[in-house]
Amino acid sequence: MTKRVNELPQLHNLTKQQQKILRLPLDGQYLVVGAPGTGKSVIALHRMKKYEGQKSQPKVLTFNHVLASHTSQLFSCDPSTAMKWLYQIQYKLTTKYMPERTSPSNLKKQFNPDYDQLKTIFRDYYKKEPIQDLIVDEGQDLPPGYYESLMELGFENFFIVGDQNQQITENNSSRQDLEMVLGLSSCDVIELDENFRNTGPIALFCQHFHTDRASPLPTLPDRPSLLKPTLINYSTVNSCVETILRSADRDTGKLIGVIVATETRREDYVNKLSTMDIKRDNEKPIISSYSSNQKHKNININFSMGGIVVLCDKSVKGIEFDSVYIILDGLKMTGSNEDLMRKRLYVMASRAKDELFLMQNASYPNVEVEALLPKETHILERDTI
């Protein structure tokens, strides 16, 4: 496979708006909001660089393991997933398990701390945990109680980047929540509104799912696409897999994201993409994946190489691919929550830099999701294979 550019932009290449944010003092509470591709993670990492040569180093917290791995590949640091880090602190201080809220509807165990109890516990351990400045990426997916609990321990300096339109967890924070927790007024929140990731047509498609004006709607980039976002109805799963493999063979330096709804489909696509034999002009692509169910948390995804990465939709927060294939099969609404589904589609689609395809089985179309897609052909084309 061919190498691709995956590096942190140089400081002099940042916009005046981004450089202004980086001039903020290291002490204090700050909230940066912006749509996907506006450079929130870039700003967070450049802020990390400001600590070089300082006695104390900040803690970088991310939403999931994949984002933590991507972050560490962009800049030499040791990020942690936010929830795992909190659980480790609590257990180290108390040697007891985290007090959790019970949720009978969740068959799968999830992080669900009882923050009211946790705040009471942490009050007894004020300043007994080493205090660091915190840089939090995708901070909207952590509830207010998360930040309030850390404040009870004595944490004071928070630099949070997020986007209310990308909330995909049930326990989250709105922009207003974060303003209240940090003690900010609306005028103190820094907004980013220029999209550097997507092409114009992809950004226009993503705007269709922009549901919450709490984060500014970014200006449409001028960068063109060879292809418009396209909904492809395929006859067989094999034809879908073959399409993705041929795309990887045409450009071995392209990183392709295949985003699926469930673990079962993730495993199925990894297997099919790894074993299907097609006539190639180049070597077989690297097929990478990650599951939160893995016993080991090592991420084998190399974002500096071309290839194919298969992930469930909740694992793609904060990362980007040259091309994205969203598999609509099995993607279901939670109850009748159209707003949550729009946000999930918004997150998935906005990962694409150059090409975006939505794929579904022609015999079993995803009717409820397709009803949310734009009808205008200048925004979303339709095709069959």
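Our subject in this report is the structure included herewith. Keep in mind that what you see is a predicted model, and the values were worked out from it rather than measured.

## What to know about the pairing of strand β1 (residues 29-34)
In step 1: Most of β1 sits out of view: five of its six residues are buried.
In step 2: Two elements, β1 and strand β5 (residues 158-162), share five bridges in a ladder whose sense is parallel. For L31, the partnering residue across the bridge sits in β5 and is I160.
In step 3: With three bridges connecting them, β1 and strand β6 (residues 190-192) associate as parallel partners. Within β6, the position partnered with G34 by the bridge is L192.

## Here's the deal with empty space enclosed by the protein
To locate leftover empty space, one rolls a probe as large as a water molecule over the atoms.
In step 1: Tallied over the full model, the rule gives three cavities of 30 Å³ or more.
In step 2: Estimated volume of the largest cavity: approximately 90 Å³.
In step 3: Of all the elements, helix α8 (residues 200-207) adds the most residues to the lining of the largest cavity, at three residues.
In step 4: Residues of the lining of the largest cavity, tallied by class, amount to nine nonpolar, six polar and no charged.
In step 5: In this model, the second largest cavity occupies a volume close to 50 Å³.
In step 6: Its residues assigned to classes, the lining of the second largest cavity shows two nonpolar, six polar and two charged.

## A closer look at the packing of aromatic side chains
In step 1: All told, the structure shown has seven aromatic pairs when counted by the stated rule.
In step 2: Between Y30 and F159, the ring centres sit 6.4 Å apart and the planes meet at 55°, which makes this aromatic pair tilted. With Y30 in strand β1 and F159 in strand β5, this residue pair connects regions lying 129 residues apart in the sequence.
In step 3: Of the residues examined, Y30 reaches a relative accessible area of 13% and is grouped as buried.
In step 4: A residue is classified by how much of its surface remains accessible, and F159, at 2% relative accessible area, is buried.
In step 5: Their ring planes at 80° and their centres at 5.7 Å tell us that W85 and F155 sit as a pair that is edge-to-face.

## Considerations on the nonpolar core
In step 1: The biggest cluster of nonpolar side chains holds 39 residues, and the ones touching the most others in it are F205, L311, L356, L358 and L373.
In step 2: Counting residues per element, the ones that place at least two in this core are α3 (65-74), α8, β8 (255-260), β10 (307-312), β11 (321-327), α11 (338-349) and β12 (352-361).
In step 3: In terms of residues, this core owes the most to one element, α11, which gives six residues.
In step 4: Excluding residues that lie within four positions of it along the chain, L373 makes contacts with F205, H208, F209, L231, L328, L345, L358, L380 and R382.

## A word on the packing of helix α5 (residues 115-123) against helix α6 (residues 144-153)
Axes are the key here: two packed helices are described by the angle between their axes and the distance separating the axes.
In step 1: Following both chains from N to C, one finds α5 and α6 inclined at 10°, their axes separated by 8 Å at the closest point. On the basis of the axis angle, α5 is roughly parallel to α6. Contact with α5, carried on its side by Y115, L118, K119, F122 and R123, involves G145, Y146, E148, S149, E152 and L153 of α6 and no other residues of that element.

Scoring rules and cut-offs
- Note that residues are indexed from 1 along each chain, following the sequence as it is written.
- It should be noted that, the model being predicted, local features are given only for residues of pLDDT at least 70 and side-chain atom pairs only at 80 or more, the latter also being counted only at that level, while totals for whole chains, interfaces and linings use all residues.
- Hydrogens and waters are ignored; side-chain quantities use all the structure's heavy atoms.
- Burial classification: accessible surface area is computed with a 1.4 Å probe over protein chains only, and a residue below 20% of its type maximum counts as buried, one above 50% as exposed, and the rest as partly exposed.
- A run of DSSP states H or I qualifies as a helix once it reaches four residues; a run of E qualifies as a strand once it reaches two. Both are numbered from the N-terminal end.
- When DSSP finds two or more bridges between two strands, those strands count as paired.
- Cavities and pockets were defined on a 1 Å grid built from protein atoms only: a cavity is a group of points that admits a 1.4 Å probe but offers it no way out, a pocket is an open group of points flanked by protein on both sides within 12 Å along at least five of seven lines, and a lining residue is one with an atom within 4 Å of any such point.
- Grid points are joined across faces, edges and corners, and a volume is the space filled by probe spheres set on the points.
- Only Asp, Glu, Lys and Arg are considered charged in this grouping, and only Ala, Val, Leu, Ile, Met, Phe, Trp, Tyr, Cys and Pro are considered nonpolar; every other residue, Gly among them, is considered polar.
- A pair of Phe, Tyr and Trp rings is counted when the ring centres sit within 6.5 Å of each other, with Trp represented by its six-membered ring. The angle between the planes then sorts it: under 30 degrees is stacked, over 60 is edge-to-face, the rest tilted.
- Here the nonpolar core consists of buried residues drawn from Ala, Val, Leu, Ile, Met, Phe, Trp, Tyr and Cys, with membership extended through side-chain atoms lying within 4.5 Å.
- Every residue pair with non-hydrogen atoms within 4.5 Å of one another is taken to be in contact.
- Interaxial angle, 0 to 180 degrees, is taken between N-to-C directions of lines fitted to C-alpha atoms, where a helix line uses only the stretch in contact.
- An angle below 35 degrees is treated as roughly parallel, one above 145 as roughly antiparallel, one from 65 to 115 as roughly perpendicular, and anything else as oblique.

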